Amino acid sequence: MKRELERLRDLIRYHEHKYYVESEPEISDREFDRLMEQLKAREAQHPELVTPDSPTQRIFDGTLEGFKQVSHKVAMLSLDNSYNFTELAAFDERVRRSLGIDTDDIEYVAELKIDGVGIALLYENGVLVRGATRGNGTVGDDITPNVRTIMSIPLKLQGDDGLMPPSLEVRGEAFIGLKEFERINREREEAGQPVFANPRNSTAGALRTLDVMEVARRRLDVFIYTLSHAEGLAVETHSESLKLMGRFGLKVNLTTRVCRGLSQVKNYCDEWQEKRHSLDYATDGVVVKVNRLDYQQRLGQTSKHPRWAIAYKFPAEQATTKVLSIDVQVGRTGAVTPVATFEPVQLSGTTVKRASLHNFDEVRRKDVRVGDTVLLEKAGEIIPQVVNVIKSERTGEEMPFEAPTECPVCGSSLVKPEGEVVTRCVNSACPAVLKESIAHFASRAGFEIDGMGPALIDMLVDRGLAKNYADLFKLKKENLVELPRMAEKSADNLLAAIEKSKKVRFDRLIYALGIRHVGAFAARALAQRFGTMDELLSGKSASATGLLTSEQTALSEIDGIGEIVAASIVQYFSVPGNVDVIEELFDAGVEIIYPEKKAASASPFSGKRFVLTGTLNSMNREEAKERIESLGGQITSSVTEKTDCVIVGDKPGSKLDKARKLGVDVLSEDAFLEIIKADIG
Ligand SMILES: [Zn+2]
């Protein structure tokens, strides 16, 4: 079993690496999920075999009490900055003078400077044991549980054991990709929370939070760029160390280039100043490092910066343009957002025509009017934003924007809940809301219906073929072939895709409903807590008839569900129409696939009797007792035949002997901790 588990873990690690590090997945998300389910199920049967580097152990579900401080083995210095080629040339001069080299052929490594947060990772015998922030450079915070949620950080390194140094410290930049950044801000916008100014802010905030689930939700990524300490490894150049780290399975940036002399460095900078806009992450410059490590050593450092490296910052890009109109968009949750259309203008490599003005308060605060000249900037190099109005350019012809009181699509009155910044259309039959919610329903994390794109959804809604998402399962071939640009073949394909999607995993179904604030994580938590749709529905409909508050409390006690989310779920199921549509789904043949019962939901502790002996290092007895009880187990004081397991700390007493005599299972503290962590799913 142990060998089999390790084989399965290695297989999952391999696919994690393919997907998150190489971005070249070999299997579908579904197949990957299936492997994970398999591993979880087997580990639940054999909790004693769960190891901390298992792919199931990424997320510690709970709140941390705080961060311990840790000292870095080698100080994490910040880099000196340069803002133009003259300053870069001065750096090259200094380097060559110090090294006594006249020719212009020093080897540099040029790499993109990622707009994120520096972290240090410590691996012991190939297993990730610590992740820390830079802090003040010598002392940072231990943020290991948060770092473990980053999928592109291997919990276990690859490569043959012969080469693996016993201790390896690497550094890199944690960041949030631009698509994820947009998603996070869109969700915050819809939830009425302030948006992040740039990906760095949201990354820094995520790494500092004590709520590990929240970190996982932000889906951080990483590039590793320094091998700061490797016991017993002889490396001569920085570029060599990058290759080595790549071989270990660490994610290094493949855009990095070895440059001979300053002119090649300049070419790299010029090239990426343009090309960076095609990347899925924000970069604000280039880091230039002397390649030879012995040179680096000779050059040394000042009190703040290394003398062998410098950051070259791309010039900041802004543009001015005219506001042609301000329109109003309605999203899936009914959130109404003002959007400005501009005279097209070039900004950081793209043509900008539109930008969200976020909400009506924001428009008022900035006093953006139709006809105004505005200053645009890209937040985090991606999302165009109005910085301010250039009021000196006003002619008096500008039209102040009047916030609508009615939905521009369906005409029903808009609602702005007390204390929220977002205005909403609350008509669930509003075509705008309907289109967005069908798109969400059919999306990859939901029913995953291939071919159900926005253009098709527009037609289905506009022609009355889809009045809710359950109608998707009632579509007939004769309806589809009448649609423009819909050939017989594509109609068949679409119907096949719809048919295939009818078998749906429970959590995906919950996600697909589009309940406000219920993303994939909360959906999974709900699926696990309630087990079946009937229970979820009965739990909820009871709440609609007066038990609302207690139901809300029960919900917010589920890990991963906060009070706002709980209130939103209760609200959703209290609308009879919502429940009716769910019933329609089943009438149309939708079938829920539940995970194998035992595997995912049963805690290895439930119904079991435990005895503690000796001193635990990680917690006192009272805490251990609470943890065990919260997982459904119970603590008794003496070992008998009825005892299921004895947990052994330091200096165990006679209870251990007795357990051995009676043949009762014995668990070390480490194994115990692993099981607690494993019991998350
Ligand atoms: Zn509407």
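Residues numbered from 1 in each chain as written. Predicted model: local features only at pLDDT ≥ 70, side-chain atom pairs only at ≥ 80, totals over all residues. Heavy atoms only, no water.

Draft legend 1. Spatial organisation of the packing of aromatic side chains. Taken as a whole and judged by the stated rule, the model has 15 aromatic pairs. With a centroid separation of 4.2 Å and an interplanar angle of 20 degrees, the aromatic rings of F441 and F447 are classed as stacked. With a relative accessible area of 0%, F447 lands in the buried category. Joined through ring pairs, the aromatic side chains of F441, F447, Y469 and F473 make up one cluster. Cation over ring: K251 sits above F223, and NZ or CZ is 5.2 Å from the ring centre. Sitting above the plane of the Y295 ring, R292 keeps its charged end 4.1 Å from the centroid. (Phe/Tyr/Trp six-rings, centres within 6.5 Å; stacked < 30°, edge-to-face > 60°. Buried < 20%, exposed > 50% of the residue type's maximum accessible area, 1.4 Å probe, protein only. Lys NZ or Arg CZ within 6 Å of the ring centre and 35° of its normal.)

Draft legend 2. Region of the structure containing the sheet that holds strand β4 (residues 117-124). Spatially, β5-β4-β7-β8 is the arrangement adopted by the 4 strands of the open sheet, whose pairing is antiparallel. Both edges of this open sheet fall to β5 (127-133) and β8 (221-230), since each of them pairs with a single strand only. Across this sheet, the average inter-strand angle for adjacent strands is 25 degrees, counted without regard to direction. Note: strand β7 (residues 167-175) against β8, 8 bridges, orientation antiparallel. Within β8, the position partnered with G172 by the bridge is I224. Lying on the sheet, helix α6 (residues 199-208) is in contact with β4 and β7; it crosses β4 at an angle near 45 degrees. Strands in contact with helix α8 (residues 238-247) are β7 and β8; relative to β8, the strand with the most contacts, it is inclined by about 120 degrees. (Pairing = 2+ DSSP bridges. Helix = DSSP H or I, 4+ residues; strand = E, 2+ residues; numbered from the N terminus. Axes fitted to C-alpha atoms, helices over the stretch in contact; angles between N-to-C directions. Contact = heavy atoms within 4.5 Å.)

Draft legend 3. Focus on the coordination of the zinc ion. Only C407 (SG), C410 (SG), C425 (SG) and C430 (SG) from the protein coordinate the zinc ion, and they sit 2.2 to 2.4 Å from it. The site at the zinc ion holds 4 donor atoms, and with the angles between them running 100 to 115 degrees, its shape is tetrahedral. In the primary structure, the donors to the zinc ion are separated according to the pattern C-x2-C-x14-C-x4-C. Residue C410 is located in the loop between β18 (399-400) and β19 (414-415), and its partner C430 is located in the loop between β20 (423-425) and α12 (431-441); the two are separated by 20 residues in the primary sequence. With a relative accessible area of 28%, C410 lands in the partly exposed category. (Donors = N, O, S within 2.8 Å, 3.2 Å for Na, K, Ca; no water. Tetrahedral: all angles 85-135°; square planar, octahedral: opposite > 155°, others 65-115°.)

Draft legend 4. Inspection of the packing of α12 against helix α13 (residues 454-462) at higher detail. Look at α12 against α13: their axes get within 10 Å of each other, and the N-to-C directions meet at 135 degrees. In terms of orientation, α12 and α13 fall into the oblique class. For the pair α12 and α13, the sense of crossing is right-handed. Touching P431, L434, K435, I438 and A439 of α12 are I457, D458, V461 and D462, all from α13. Looking at side-chain class alone, the contact of α12 with α13 contains 6 nonpolar, no polar and 3 charged residues. (Parallel < 35°, antiparallel > 145°, perpendicular 65-115°, else oblique. Left-handed = near helix turned anticlockwise from the far one by under 90°. Nonpolar A, V, L, I, M, F, W, Y, C, P; charged D, E, K, R; others polar.)

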